[in-house]
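What follows is the residue order along each chain.
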Amino acid sequence: MSLKLNDQYVTEFVSQDELKLFQREVDLHRDQLYKKEGKGNEFLGWIELPDQMDDAILSRIEADAAEFRKHADVVVVVGIGGSYLGARAVCEALSAASFSSNEAGSSRTQLVYAGHHLDQDYLHNLLSWLEQKSFSIVVISKSGTTTEPAIAFRLLRELLIRKHGRTSAAERIIAITDASKGALKTLADAEGYKSYVIPDDVGGRYSVLTPVGLLPIAVAGYNIRELVQGASQMAGFLKQKDRLTENPAAHYAVIRNILYSKGKTTEILATYNPSLSSFIEWWKQLFGESEGKDGKGIFPAGVTFTTDLHSMGQYIQDGHKNFFETLLTVKKSRYEVFIPEDANDLEGLNYLAGKSVGFVNEMASRGTMLAHVDGNVPNLEIIIPEITPYNIGGLIYFFEMACAISGYILDVNPFDQPGVEAYKNNMFALLGKPGFEKETIALKKRL
Ligand code: PA5
């Protein structure tokens, strides 16, 4: 197992005795999860998902992705929340901020995203840009009725039909949606789009290892088999480890709950790899939507260092101490860049000549961790050897399991999201959606 949890810098905030007290609770919650007897047990399909992604489904995804890559320079991934964050997180992590991915001759198809907000300037510019491009669409929505992706898809579909005609446009669209119900399913059947199913028992934020994440990741040219294999290996490892200190997912879940009980109501996930910034967004959704309910939950925040040491560093070091930090460390970079000697040395950097930028980044991370611990910020560390599809697959599964255990310790249902409906209902009422007439009158009075 390649992932490690370093709890060395929380020991002064969480004692071994406090940890041990949670062993029985962890046993209970792991049992509830594996036997599907806990809260939200109708959404536990993600637990065995990596092993269910068999050769047949992976081959189908790879074949469709290859076909898309042949006919399109750009693929627009339309979706929001759990229907888009995972694919973006993995693709950006694996791209390592490649500057060549958008250039002609690159082996990668460019992915762009739509339907994850309602900014019309963005949509206007995207649609104008796509006029001159050969593009295809992967539209992802379990319900098929989510407003943001539904609007974006309607606009993009119209453009595609205008450019290619209805029949060819249909060949450039793949829909990923519910097995039987929902508007997108009806549309896909009527128009003859290829489609994939989001399993009933997998919620949006746990769906990255279904076609929801795997198809866009394969379209972008990354190895989905290694990703799934990493998740599967992590699933096997976590299942087999009963002792909480040997099970990093349970260990992490318990430490964060102990810290929460001591007033640490925010967790800051920090990375020194900007290519993991979108992964932090995925993590924020996973934990925020799973735990923030019933008036409880740790607020998940994220920072990308060293960039944010020049913005949020001051607050973390010296501000109000209601948070802890979890550092997501990548041991080995993909490339090495060495600092050159300079004859004049006006910036005084010659003491670093011959050292790699990675070494400087590592020392920045060690120094910051110690400074923050000295500033009374508990620091946890999750370490992966390098950013590869295999390790990212393992990391995804690790966080999913940790989130499920943590939610159960918090005594919430980590698999529903009732709070999301409040904004939707108000928006529908203000938009004048049929069926919301009474709410429309009440809300308009308040504006
Ligand atoms: O995690 C979730 O369930 C949500 O974030 C959904 O994925 C998001 O609201 C999009 O829903 P849908 O796929 O139905 O369009």
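Computed from a predicted structure; not experimentally measured.

Undergrad: Where do I start with the sheet that holds strand β10 (residues 379–386) in this structure?
TA: For sheets, the rule is that strands pair by backbone hydrogen bonds, running either parallel or antiparallel. If you trace the 5 strands from one edge of the open sheet to the other, you get β1-β10-β9-β7-β8, paired in mixed fashion. The open sheet terminates on both sides in strands that have one partner only, identified here as β1 (4–6) and β8 (299–304). When the angles between neighbouring strand axes are averaged without regard to direction, this sheet yields 25°. Alignment of strand β7 (residues 266–271) against strand β9 (residues 323–332), held across 6 bridges, turns out to be parallel. Bridge pairing in β9 places E267 opposite F324. Relative to β10, helix α16 (residues 389–410) is tilted by about 150°, and along the sheet it contacts β9 and β10.

Undergrad: Which parts of the structure should I look at to understand the site of the ligand?
TA: Around the ligand, the structure places 13 residues, and the nearest of them are S83, S141, S143, T146 and Q285. Between S143 and the ligand, the recorded distance is 2.7 Å, taken from a side-chain N or O atom to an oxygen atom. Within the contact set of the ligand, an oxygen atom lies 2.9 Å away from a backbone nitrogen or oxygen of R205. Look at the ligand: alone it shows 390 Å² of surface, and the protein chains cover 87% of it. Most atoms of the ligand, that is more than half of them, are within 2 Å of grid points of the second largest pocket. Per-class residue counts for the shell around the ligand are 1 nonpolar, 9 polar and 3 charged.

Each value, and the rule that gives it
- Positions within a chain are numbered from 1, following the residues in the order the chain's sequence is written.
- Local features in a predicted model are, by the rule used here, given only for residues with pLDDT of at least 70; side-chain atom pairs are given and counted only at 80 or more, and totals for whole chains, interfaces and linings are based on all residues.
- To get the side-chain values, take all heavy atoms of the structure and skip hydrogens and water.
- Pairing between strands requires that DSSP locate at least two bridges from one strand to the other.
- In this description a helix means any DSSP run of H or I spanning at least four residues, a strand means any run of E spanning at least two, and both kinds are numbered starting from the N terminus.
- Lines fitted to C-alpha atoms define the axes, with helix axes restricted to the stretch in contact, and inter-axis angles between N-to-C directions lie between 0 and 180 degrees.
- Whether two residues are in contact is decided by their heavy atoms, any of which lying within 4.5 Å being enough.
- Residues are labelled near a given molecule or strand when at least one of their non-hydrogen atoms is within 4 Å of it.
- We define a polar contact as two N or O atoms separated by no more than 3.5 Å, with the added condition that, inside protein, one atom must be a possible hydrogen donor and the other a possible acceptor, whereas residues neighbouring each other in sequence contribute only through side-chain atom pairs.
- All accessibility values rest on the Shrake-Rupley procedure with a 1.4 Å probe; residue burial counts only the protein chains present in the view.
- Buriedness for pockets is judged along seven lines, at least five of which must meet protein on both sides within 12 Å for an open set on the 1 Å grid over protein atoms alone, while cavities are sets there where a 1.4 Å probe fits but cannot get out, and lining residues have an atom within 4 Å of a point.
- Assignment of a molecule to a cavity or pocket requires that more than half of its atoms lie within 2 Å of the corresponding grid points.
- Under the grouping applied here, Gly and all other residues not named as nonpolar or charged are polar, the nonpolar ones being Ala, Val, Leu, Ile, Met, Phe, Trp, Tyr, Cys and Pro and the charged ones Asp, Glu, Lys and Arg.

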